[in-house]
Every structure is written in C-alpha cells, then in structure tokens.
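Here is what each chain is made of, one letter per residue.
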Amino acid sequence: MNGGAMSVLKLIQERRSIRRYKEDSIPEDVLVRVLEAARWAPSGKNLQPWKFILVRDKVMKERLAMASAGQFFMAKAPIIVVACGFPEDCYSRMGRYMKSWPVDVAIALEHLILQAQEEGLGTCWIGSFEEKEVKALLGIPENVKVLALTPLGYPNEKPSSRRRKSLEEITAYDGY
Ligand SMILES: Cc1cc2nc3c(=O)[nH]c(=O)nc-3n(C[C@H](O)[C@H](O)[C@H](O)COP(=O)(O)O)c2cc1C
C-alpha cells in the first residue's frame, strides 16, 4: 500500500473526541498549521464562507462552555475554536435544494481537526450549544451563523475507540 495514503487513514482512525485537556498553551507555528488546514478546505464555488474565532480568554471560554449545555471541559483547553458560516455568501443551490455553508464549514473544521490530530492536539466537535448565546458573547453579526465549536489543546486522556457501523452497513454498489 502507498505509504502516504496509509498515514492519513491511520490518523483518521486514531482521532478521538477529547474531553479532558492539559492547560499547556499551543506554540504559534503549530496553531498556524492547524488553521492552514482549514484554509485549504474545498468549498462550493470556492466561496470559503467561513470564519474561525479563536477564544483564549478564560472567562469567555467559561461562558462559551456555559452556552454549550454546561460542557465545562471545553474551558480547560487553551483555545476554543468557534466555526462560523456565511449563508449569504455561499453556493446556494447545492443539489438544487440547499445552501452549501454548513457543508463547507464542516469540511474546513474537519480539516482543522485532522491537522490538530497530526500535531498531537485534541479536539471535540461541539454541536450542543445555544447559537443565540454564543453569538451575543462574541459579537457575531446577525447574518453570520455558528456551526460548531471545538476545544483545541493537548489531551489529558486516551479514550478508546467508539463503535463504527461496518462497511457493509454503510455502503452499496451500483444502487441503494
Ligand atoms: C455534529 C456533532 C455534534 C457533536 N456534539 C457534541 C457535543 O456537544 N459534546 C460532546 O462531548 N461531543 C459531541 N460530539 C462528538 C461525538 O459524540 C463523537 O464524535 C462520537 O461519539 C464518536 O466518538 P469519537 O469522535 O471519539 O470517534 C459531536 C459530534 C458531531 C459530529
């Protein structure tokens, strides 16, 4: 097997959602590479309808955790990434039925997550949050959406892998 292809699969298989963090800060060059991975994500019409807010302030991190169903483990990480999307500036006819921004932002955030894994950093996709509260806390404009948050920091746990459906369950050949 091609060595490069194998290493991406291994990285993907070794990623876990991390819910315990060390408080150690992230070196600037590491952070830049993690953000670069998001920057190079594909997007509908290459519109790149995203912005990533990096929250380092302790009090703000605690407020964001509070706005995320009290998931206070988030605030322990040195950074919380808030992934925002632009509904008014994205590909609007994906599949002829939907706007592309949630997909675009999700791809970019997953790129970020995988580069974080490569750098020995942990993340946890946070979908349980009150968008209204997060927007108010960070001064996010009316026409901008929040798709997800993730803490970003060095893991303080090694969770075992969670079950995945089998390939047979999730794939079909030549028809549904
Ligand atoms: C859309 C989405 C929302 C999620 N929301 C949360 C969340 O609010 N809190 C949390 O701890 N994990 C959350 N997760 C993480 C999932 O629980 C986790 O990815 C899944 O259980 C598989 O575990 P793994 O990531 O360690 O492989 C979310 C994941 C996704 C993709």
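Preceding this section is the structure that the text describes.
Residues numbered from 1 in each chain as written. Predicted model: local features only at pLDDT ≥ 70, side-chain atom pairs only at ≥ 80, totals over all residues. Heavy atoms only, no water.

K.L.:
Looking at this model, I keep getting lost on the packing of helix α3 (residues 58-66) against helix α6 (residues 131-138). Mind explaining?
P.N.:
Packed helices, taken two at a time, are described by the angle their axes make and the gap between the axes. Where α3 contacts α6, the two axes come as close as 9 Å, and the packing angle between them is 165 degrees. In terms of orientation, α3 lies roughly antiparallel with respect to α6. Considering only the axes of α3 and α6, their crossing is right-handed. Only V134, L137 and L138 of α6 make contact with α3, whose side of the interface consists of M60, R63 and L64. Among the residues forming the contact of α3 with α6, the class breakdown is five nonpolar, no polar and one charged. (Axes fitted to C-alpha atoms, helices over the stretch in contact; angles between N-to-C directions. Helix = DSSP H or I, 4+ residues; strand = E, 2+ residues; numbered from the N terminus. Parallel < 35°, antiparallel > 145°, perpendicular 65-115°, else oblique. Left-handed = near helix turned anticlockwise from the far one by under 90°. Contact = heavy atoms within 4.5 Å. Nonpolar A, V, L, I, M, F, W, Y, C, P; charged D, E, K, R; others polar.)

K.L.:
In this structure, what is going on with the sheet that holds strand β2 (residues 79-85)? I would like to understand it.
P.N.:
Two strands in a sheet stick together by hydrogen bonds in their backbones, pointing the same way (parallel) or opposite ways (antiparallel). Spatially, four strands are ordered β1-β2-β4-β3 in an open sheet, and the strand pairing comes out antiparallel. Both outer strands of the open sheet, β1 (50-55) and β3 (122-123), are each paired with one neighbouring strand and no more. In this sheet, β2 lies alongside β1 in antiparallel orientation, the contact comprising six bridges. Considered in β2, the bridge of F52 is made with A83. Lying over the sheet, helix α2 (residues 28-39) contacts β1, β2 and β4 (145-153), oriented at roughly 160 degrees with respect to β1. Sitting on the sheet, helix α5 (residues 101-118) is in contact with β1, β2, β3 and β4, with an inclination near 5 degrees to β4. (Pairing = 2+ DSSP bridges.)

K.L.:
Explain the side chain of R15 to me, please; I cannot follow it from the model alone.
P.N.:
On the secondary structure map, R15 appears in the loop between α1 (3-14) and α2. No salt bridge forms around the buried R15; measuring N to O, its nearest opposite-charge neighbour E110 is 4.6 Å away. When residues no more than four places from it in sequence are discounted, the contact partners of R15 are I113, Q117 and R164. (Buried < 20%, exposed > 50% of the residue type's maximum accessible area, 1.4 Å probe, protein only. Lys, Arg positive; Asp, Glu negative; His and termini not counted. Salt bridge = Lys/Arg side-chain N within 4 Å of Asp/Glu carboxyl O.)

K.L.:
Looking at this structure, I do not really get the site of the ligand. What am I missing?
P.N.:
Residues in contact with the ligand amount to 13 residues; listed here are only the nearest, S17, R19, Q71, R162 and R164. Note that an oxygen atom of the ligand is positioned 2.6 Å from one of the side-chain N or O atoms of S17. Here an oxygen atom of the ligand and a backbone polar atom of S128 are 3.1 Å apart. Out of a free accessible area of 620 Å², the ligand has 65% covered by protein chains. Across the shell around the ligand, the residue classes break down as four nonpolar, four polar and five charged. (Near = heavy atom within 4 Å. Polar contact = N/O pair within 3.5 Å; in protein donor to acceptor, adjacent residues only side chain to side chain. Areas by Shrake-Rupley, 256 points an atom, 1.4 Å probe, with all protein chains shown as cover.)

K.L.:
Which parts of the structure should I look at to understand unusual backbone geometry?
P.N.:
A negative phi angle characterises most non-glycine residues, just as the trans form characterises most peptide bonds. One non-glycine residue with positive phi stands out, namely A69, at about 55 degrees. Inspection of the secondary structure puts A69 in the loop between α3 and α4 (73-76).

K.L.:
Help me understand the pairing of β2, please; the structure alone is not making it clear to me.
P.N.:
Both faces of the sheet carry side chains from a regular strand, because those side chains alternate between them. Of all the seven residues making up β2, seven are buried; the element is thus mostly covered by neighbouring parts of the structure. Going residue by residue along β2, you find I79, V81, A83 and G85 tucked away on one face and I80, V82 and C84 tucked away on the opposite face as well. As paired elements, β2 and β4 share seven bridges and run antiparallel to each other. The residue bridging I80 from the neighbouring strand is P151, located in β4.

The values are spatial; any link to function lies outside them.
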